[in-house]
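Analysis of the macromolecular model
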Amino acid sequence: MRGFAVFSVVGLGLCGGLAACSGTVTLGTGTGGSAGTTSTTSWTTTTSSTTWTTTTSTTTGTGGSACYETHDGFDLELDGPDNTVWGCNVGGTQTGDFVFDAVVLDAAENSLALDACPPNADCTNTEYKLSFSAPGLYSYIPVGTFVEVSVHVYQPWGCEHALQIKNLPSWGGVANPYYPDDRVWLVAADGALTTFPGTPFAIEAEALGCYPNEPPGCGIHDDYRLVFVPPGAQPVALGMGETGSLWFPSQYPQYFDVRNLRSYETGWCDDYWNWAYFAVQNMMVD
């Protein structure tokens, strides 16, 4: 895994079922008009080979995220077979951390039906229902995929919750029928910048210094941009409401749509929950 960059894709949607196709991919390290390096890769594919041509150029700009606040959020609800529920917006939520393996029985853009019974076992009462939503979030996970689901709920004064759905290469001695890697299908959080074991990046909050003349309360009022940082690679910074793309080249490349839903501090006492993001696999580029 070498890193990621901002990218856009042209021409992919025309290739399905054809003997040959072509297109371009534009990669850049700059965001929001900032200085950066851009490379454009063109390809032509036939049934026997693929030809690649890459050119690189450098662009400059003033860049920088503006001072403004969005109020978008990420919501989740997990309903278990024992009538337990997980999620900040459901009554009687469980708290703490919960991890389980399952097969996808049914899938929509933002909901899954899951069965936690391994393929080498005979079980009853093991089905879960999972729903999640955020502006701009659309997920695709094939029915029959083996996944590891991680849920986190923390509820001291306010509430934070987080979700990660990770691919399982095998389960119960049976190979995953779709993907043999441990790609992360979705990771998202609301109330904090929570990540999980296996999340392929860290997240840092970068203060913008938006309200220097405002007297502090219990804290300092400020807006932040979120910086998504993989080990040893170029970070990508997103202001509130901005969506970017992360590309991890490897044997099994991963392409994420990433969004900063909100990232600010009001400075008010006990009001420190204004953080939310998601990263979801973009299967149109797989």
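Scroll up to find the structure this text is about.
This text gives an overview of the structure that appears in the document.

About the thresholds
- Residues numbered from 1 in each chain as written.
- Predicted model: local features only at pLDDT ≥ 70, side-chain atom pairs only at ≥ 80, totals over all residues.
- Heavy atoms only, no water.
- Buried < 20%, exposed > 50% of the residue type's maximum accessible area, 1.4 Å probe, protein only.
- Helix = DSSP H or I, 4+ residues; strand = E, 2+ residues; numbered from the N terminus.
- Pairing = 2+ DSSP bridges.

Within strand β16 (residues 222-229), eight of the eight residues are buried, leaving the element largely enclosed by the surrounding structure. Side-chain alternation along β16 places Asp222, Tyr224, Leu226 and Phe228 on one buried face and Asp223, Arg225, Val227 and Val229 on a second face that is also buried. As defined by bridge partners, strand β15 (residues 202-207) adjoins β16 across six bridges and the pair is classed as antiparallel. Residue pairing for β16: Ala205 is matched across the bridge by Leu226. Bridge count between β16 and strand β19 (residues 254-265): two bridges; the pairing is antiparallel. The partner of Asp222 across the bridge, within β19, is Glu265.

Okay, the pairing of strand β14 (residues 184-190) next. The buried fraction of β14 amounts to seven of the seven residues, a majority that puts the element mostly inside the structure. With six bridges joining them, strand β11 (residues 160-167) and β14 adopt antiparallel strand pairing. Counted as the bridge partner of Lys166 is Val184 from β14. By the bridge criterion, five bridges tie β14 to strand β20 (residues 275-281) in an arrangement that is antiparallel. Within β20, the position partnered with Ala188 by the bridge is Phe278.

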